[in-house]
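So you can see what is in the structure, the chains are spelled out below.
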Amino acid sequence: MCNAVEKTLKDEFGYTLASAQVVILDPCTGTGNFIVNLIQRIPGRALEDAYRERLFANEVMLLPYYIASLNIEHAYYERMQQYEAFPGLCFVDTLDMSDPRQGNLFVPENTKRVGRQKKAAITVIIGNPPYNVGQKSENDNNQNRKYPVVDERVRDTYAKASKATNKNALGDMYVKFFRWASDRLGDRDGIVCLVSNNSFVDQIAFDGMRQHLSMDFQLIEHIDLHGNVRRNPKLSGTTHNVFGIQVGVGITLAVKKTGATQRLRYHRVPETWRKSEKLNFLTEGRIEWQSLVPDPGHAWIQLGNAAEYDGLLSVNDIFELRSLGLTTARDAVVYDFGQEVLSSRIKLFIETIMLKSTRDAIIRTRCFPTQSNGAVALKSALIAANMLSFVNLKSGKRRIGRM
Ligand SMILES: C[S@@+](CC[C@H](N)C(=O)[O-])C[C@H]1O[C@@H](n2cnc3c(N)ncnc32)[C@H](O)[C@@H]1O
């Protein structure tokens, strides 16, 4: 990704990493790999200035923040043979930074750093944002965080422009990061390069996001690295996904270049490639781009029978009353062909949830023995556990659960 950014800076703007106009931010830096890689690439004569003035990184968790600090400062030391604290590293929630009410942060030095970053004319944003759908562990617990300013921007743009009925997927963290990054460039030309969940490329709820990305950026490239285990159960997250996770991953490089002709390019690697093949491909960097032309509904990848589908009558035109129907969010527990099997599984589910020391793993093994990988969102059930009860409608017998 650093290589692609460096090349794009040169090809599209005639800049190098040494250029004063190139001000870079990794908004979710983790252990700081992107900044370390950039430090290794910046020409020696410009490194000191870039390190002090033009490189920024944010991290919201304390442990990776400290590791990033060690990694980045060590990379600088290796190049310059002298230690210097990295003044661009901030302990901060990036998505809160657009909120004017953000108060003091951590220690005064950090608040000062955040203030400096807010004033910086960022022209390159590079990172690997978190995402909920498929978060590695329920403990990541970032599903319901609210960001008043960014959330409203997502609603006013991506959601408003969408024709989809169900827009829940727009609540994903990586979507907020795309919105935030597009806004952070402001009126400046520049580059946003993110590796993320790539559901936005072809899923219905993201039509408005695709439309706005095409409005906010003139050149967009996406490498689809696949690895969506839910879409293709023959794949394994560990073997085929570059991050060992369950959702499809892709690298997007979006360039804002005033006056440039719109260009959308896409490349998908073979779906069955293993992680190592995908990583080798990225290292080699020989990409055969396919040019895409969005259709009027902002689909980037047209389905083979899209024209025929568009000519069909919509169910919305046939039925006056419509709804999603029953949404259990736990179909594997509450549906079965046999009443006995179903009753005993529901009882087991309630009992297991009532265990004081209940952990997701125990519930998964007991209630879903055949789905060891199934991510089960149990938090709401646990919270509601006081109310859980088993009622056998046929016999009228009722068993109340307890905490
Ligand atoms: C997928 S990791 C990034 C990995 C990174 N490229 C590296 O070199 O390690 C995402 C990181 O973003 C951080 N993060 C998540 N939400 C954030 C937010 N709102 N603001 C800042 N950092 C965030 C997480 O704590 C995590 O360390």
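Residues numbered from 1 in each chain as written. Predicted model: local features only at pLDDT ≥ 70, side-chain atom pairs only at ≥ 80, totals over all residues.

**Brief notes about helix α2 (residues 33-41)**
Part 1: Along α2, the positions that sit buried rather than exposed are Phe34, Ile35, Val36, Leu38 and Ile39.
Part 2: Those residues of α2 that are buried are in contact with α1 (2-13), β1 (24-26), α3 (44-54), β2 (55-59), α4 (62-80) and β4 (124-127). (Buried ≥ 20, exposed ≤ 12 C-beta atoms within 10 Å, placed from the backbone. Helix = DSSP H or I, 4+ residues; strand = E, 2+ residues; numbered from the N terminus. Contact = placed C-beta atoms within 7 Å.)

**Digging into the confidence of the model for the protein chain**
Part 1: The predicted model of the protein chain has a mean per-residue pLDDT of 84, with 82% of residues at 70 or higher.
Part 2: Scored below 50 in pLDDT, residues 133-141 shows 12 contacts in the model against residues more than four places distant or in partner chains.
Part 3: This model gives residues 371-377 a pLDDT under 50, and the stretch forms nine contacts once residues within four places in sequence are excluded. (pLDDT = per-residue confidence, 0-100.)

**A few points about the pairing of strand β6 (residues 219-224)**
Part 1: Where β6 meets strand β7 (residues 249-256), six bridges bridge the pair, whose relative direction is antiparallel. The residue bridging Asp224 from the neighbouring strand is Gly250, located in β7.
Part 2: Here β6 runs beside strand β8 (residues 263-268); their pairing, made up of six bridges, is parallel. By the bridge assignment for β8, Leu219 is matched with Arg263. (Pairing = 2+ DSSP bridges.)

**Points about the site of the ligand**
Part 1: Around the ligand, the structure places 17 residues, and the nearest of them are Cys28, Gly30, Thr31, Asn33 and Thr94.
Part 2: Taken together, the elements giving at least two residues each to the shell around the ligand come down to α2 and β2.
Part 3: Looking at the shell around the ligand, its residues break down into seven nonpolar, eight polar and two charged. (Near = placed C-beta within 6 Å. Nonpolar A, V, L, I, M, F, W, Y, C, P; charged D, E, K, R; others polar.)

**Describing unusual backbone geometry**
Part 1: In this structure, Gln81 is a non-glycine residue whose phi angle is positive, near 60 degrees.
Part 2: For Gln81, the location among the structural elements is in the loop between α4 and β3 (89-91).
Part 3: A tally of 7 C-beta atoms within 10 Å means that Gln81 is categorised as exposed.
Part 4: Its identity is not glycine, yet His298 carries a phi of approximately 65 degrees, on the positive side.
Part 5: Looking at the element boundaries, His298 is found in the loop between β9 (290-291) and α11 (306-311).
Part 6: His298 gets classed as partly exposed once you count the C-beta atoms within 10 Å, which come to 18.

**A short note on the nonpolar core**
A general feature of soluble globular proteins is that nonpolar side chains tend to end up buried together.
Part 1: Ranked by internal contacts, the top residues of the largest apolar core, which has 74 residues, are Ile24, Ile39 and Ile72.
Part 2: If one sorts the elements of this core by residue count, helix α7 (residues 173-185) sits on top with eight residues. (Core = buried A, V, L, I, M, F, W, Y, C linked by C-beta atoms within 7 Å.)

**Observations concerning the sheet that holds β2**
Part 1: The mixed open sheet is built from nine strands, whose spatial order is β3-β2-β1-β4-β5-β7-β6-β8-β9. Sheet topology places β3 and β9 at the edges, where each strand pairs with a single neighbour.
Part 2: The sheet contact formed by β4 and strand β5 (residues 190-197) spans four bridges and is parallel. By the bridge assignment for β5, Gly127 is matched with Leu194.
Part 3: α1 contacts β4, β5 and β7 of the sheet and is inclined by roughly 155 degrees relative to β5.
Part 4: Those strands touched by helix α5 (residues 108-119) are β2 and β3, and its axis lies near 115 degrees from that of β3. (Axes fitted to C-alpha atoms, helices over the stretch in contact; angles between N-to-C directions.)

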